[in-house]
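Spelled out, the chains give:
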Amino acid sequence: MTNAMELYQMLPKTNCKKCGKTSCMAFAVALMARELTPEDCPPLKEEPKYKESYEKICEIFKPSESATETGLIVHEDLCFGCGNCVVACPPNVANDPYGVGSGNAPRNANKLVLTVEDGIVKAQNLGECRRFGKNKILCNGCIVTCPVEAIEFV
């Protein structure tokens, strides 16, 4: 993944403030934080001399378009539904201790963050994920247990 300085190098560097930020560097940081999108920079989007940079930046962020509020992406083309992530997810274990927390079928599916549906992992109830909200932590229980790297956070 690209860092804020690399993004800044692709920006117009005019500090025009048309995006609502005080500088192009602040805009680059906001892009990294997913607070803004490349479309929020009028010169980048509209001026022909920045077309190549605009397209490159859009391409960088394309994989994250399907990301959830927590940054979670499930690559359905890689997932084969083993369910390792479902039983390794700490909120799943806490919210369904006698179901997925014990390695059994879900008993309280409406509180689970990850479930397997039709042989593919699906994300739901993202407010329960440890990576969500103001007290978020960088949990990676679902990632480290996936044998095919079908789950990632961006």
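Everything here concerns the structure above.
What counts, and at which threshold
- Residues numbered from 1 in each chain as written.
- Predicted model: local features only at pLDDT ≥ 70, side-chain atom pairs only at ≥ 80, totals over all residues.
- Heavy atoms only, no water.
- Helix = DSSP H or I, 4+ residues; strand = E, 2+ residues; numbered from the N terminus.
- Rg over C-alpha atoms; globule rule 2.2 N^0.38 Å.
- Buried < 20%, exposed > 50% of the residue type's maximum accessible area, 1.4 Å probe, protein only.
- Areas by Shrake-Rupley, 256 points an atom, 1.4 Å probe, with all protein chains shown as cover.
- Pairing = 2+ DSSP bridges.
- Core = buried A, V, L, I, M, F, W, Y, C linked by side-chain atoms within 4.5 Å.
- Contact = heavy atoms within 4.5 Å.
- Arc of directions from axis to C-beta.

Asker: Run through the overall build of the protein, naming residues and quoting values.
Answerer: In terms of regular secondary structure, the protein is built from seven helices and four strands. N-terminal to C-terminal, the α/β element order of the protein is α-α-α-α-β-α-α-β-β-α-β. Against the compact-globule benchmark of 15 Å for 154 residues, the protein has a radius of gyration of 19 Å, which places it well outside the compact range. Here the C-alpha coordinates of the protein stretch approximately 60 × 30 × 20 Å along the principal axes. Buried positions account for 36% of the 154 residues belonging to the protein. A total of about 9,000 Å² of accessible surface is found on the protein, and carbon and sulfur atoms cover 50% of it.

Asker: How would you summarise the pairing of strand 2 (residues 114-117) if you had to cite specific residues and measurements?
Answerer: Summarising the sheet, strand 2 and strand 3 (residues 120-123) pair through four bridges and their orientation is antiparallel. Across the sheet, Thr115 pairs through a bridge with Lys122, a residue of strand 3. Where strand 2 folds back on strand 3, the antiparallel hairpin that results is connected by two residues, among which Asp118 adopts a positive phi of roughly 55°.

Asker: Could you give an account of unusual backbone geometry, with specific residues and numbers?
Answerer: Non-glycine residue Asp118 carries a positive phi angle of around 55°. Position of Asp118 relative to the elements: it lies in the loop between strand 2 and strand 3. For Asp118, a relative accessible area of 82% gives the class exposed. For Asn125, which is not a glycine, the phi torsion comes out positive at approximately 45°. Within the secondary structure layout, Asn125 lies in the loop between strand 3 and helix 7 (141-144).

Asker: Residue-level account of the nonpolar core, with values.
Answerer: Judged by nonpolar contacts, the single largest core of 19 residues is most densely connected at Leu72, Cys85, Val113, Leu114, Val121, Cys142 and Ile151. Residues in contact with Val113, not counting those within four places in the same chain, are Cys89, Pro91, Asn92, Lys122, Ala123, Gln124, Asn125, Leu126, Glu128 and Cys129.

Asker: Which residues make up helix 2 (residues 24-32), and what values go with them?
Answerer: The complete set of buried residues in helix 2 reads Cys24, Phe27, Ala28, Ala30 and Leu31. Buried residues of helix 2, viewed axially, fall in a sector of 160°; they line one side. In the core, the buried residues of helix 2 are packed alongside helix 1 (4-10) and helix 4 (51-61). Immediately downstream of helix 2, the backbone of Arg34 shows phi near 65°, a positive value.

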